[in-house]
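If you want the building blocks of each chain, they are given just below.
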Amino acid sequence: QVQLVESGGGLVQAGGSLRLSCAASGLTFSTYDMGWFRQTPGKEREFVGAIRWTGSITYYADSAKGRFTISRDNAKNTVYLQMNSLKPEDTAIYYCGAQGARGGNLYYLRAYDYWGQGTQVTVSS
């Protein structure tokens, strides 16, 4: 079955960096667009960024632009989220999602076919 497994979360001070990874199995990774979302208690999961199956097109939430970078390695079935200049408001559970490459809306939470279990990111002030 399809599995998406996030890793790389943890506790970091404001201004620091983390690199999240999402390893996929059970699907043909190179035919899926991938997204990163985050969620805090009581709020809906929100878009952070996404990358098309080719790796050449990326999208970012305004809150992530200039600080976060998404990349993917189709040979390793893995997508990454490099997060720099972290702020306390970035504290959340981060999830990766997979959407079959059909030119869909990668900003839309419910357009994704599969989700991982999430990894906690905590940024202390």
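As shown above, the structure is provided for reference.
Residues numbered from 1 in each chain as written. Predicted model: local features only at pLDDT ≥ 70, side-chain atom pairs only at ≥ 80, totals over all residues. Heavy atoms only, no water.

(A) View of the overall build of the protein chain. Counting its regular elements, the protein chain contains zero helices and 11 strands. Ordering the α and β elements of the protein chain from the N terminus gives β-β-β-β-β-β-β-β-β-β-β. Its C-alpha radius of gyration of 13 Å places the protein chain within 12% of the 14 Å reference for a compact globule of 125 residues. With the C-alpha coordinates aligned to their principal axes, the bounding extent of the protein chain is approximately 40 × 25 × 25 Å. Relative to its 125 residues, the protein chain shows a buried fraction of 45%. With 12 positive and 9 negative side-chain charges, the protein chain shows a separation of 2 Å between the mean positions of the two kinds. (Helix = DSSP H or I, 4+ residues; strand = E, 2+ residues; numbered from the N terminus. Rg over C-alpha atoms; globule rule 2.2 N^0.38 Å. Buried < 20%, exposed > 50% of the residue type's maximum accessible area, 1.4 Å probe, protein only. Lys, Arg positive; Asp, Glu negative; His and termini not counted. Charge placed at Lys NZ, Arg CZ, Asp CG, Glu CD.)

(B) A look at the state of the cysteines. Going through the model one piece at a time under the given rule, you end up with one disulfide. Here Cys22 pairs with Cys96 through a disulfide, and the sulfurs are 1.9 Å apart. Measuring the twist about the S-S bond at about 50°, one finds the Cys22-Cys96 disulfide to be right-handed. A residue pair is termed long-range when its members are at least 10 positions apart, and Cys22 in strand E3 (residues 18–25) and Cys96 in strand E9 (residues 92–100) qualify at 74 residues. The burial state of Cys22 is the same as that of Cys96; both residues are buried. (Disulfide = S-S within 2.5 Å.)

(C) Expanded view of the environment of Ala98. Along the chain, Ala98 falls in strand E9. By relative accessible area, which is 0% here, Ala98 ends up buried. In the structure, Ala98 is positioned 69 residues away from Phe29 in sequence and 8.6 Å away in space, judged by C-alpha atoms. Not counting the four nearest positions on each side in its chain, Ala98 is found in contact with Leu4, Leu27, Tyr32, Asp33, Met34, Tyr112, Asp113 and Tyr114. (Contact = heavy atoms within 4.5 Å.)

(D) Inspection of the side chain of Thr78 at higher detail. In this structure, Thr78 sits in strand E8 (residues 78–83). Within the structure, the side chain of Thr78 is placed 2.8 Å from the backbone oxygen of Lys76, a separation counted as a polar contact. If we skip the residues at most four places from it in the chain, Thr78 touches Ser21, Cys22, Ala23, Phe29, Arg72 and Asp73. (Polar contact = N/O pair within 3.5 Å; in protein donor to acceptor, adjacent residues only side chain to side chain.)

(E) Geometry of the sheet that holds E3. The strand order E1-E3-E8-E7 describes an open sheet built from four strands, whose pairing is antiparallel. Whereas interior strands pair on both sides, the edge strands pair on one side only; in this sheet they are strand E1 (3–7) and strand E7 (68–73). Across the sheet, the mean angle from the axis of one strand to that of its neighbour is 15°, orientation sign disregarded. With six bridges connecting them, E7 and E8 associate as antiparallel partners. From the neighbouring strand, Thr69 faces E8, where its bridge partner is Gln82. (Pairing = 2+ DSSP bridges. Axes fitted to C-alpha atoms, helices over the stretch in contact; angles between N-to-C directions.)

(F) Here's a closer look at the pattern of salt bridges. The tally for this structure, following the rule as stated, stands at seven salt bridges. A salt bridge links Arg110 to Glu44; the nearest nitrogen and oxygen atoms lie 3.2 Å apart. You can see Arg110 sitting in the loop between E9 and strand E10 (114–115) and its partner Glu44 sitting in the loop between strand E4 (32–39) and strand E5 (46–51), a full 66 residues away along the chain. It is possible to trace a salt-bridge network through shared partners that takes in Arg38, Glu46, Arg67 and Asp90. (Salt bridge = Lys/Arg side-chain N within 4 Å of Asp/Glu carboxyl O.)

On their own, these measurements won't tell you what the molecule is for.
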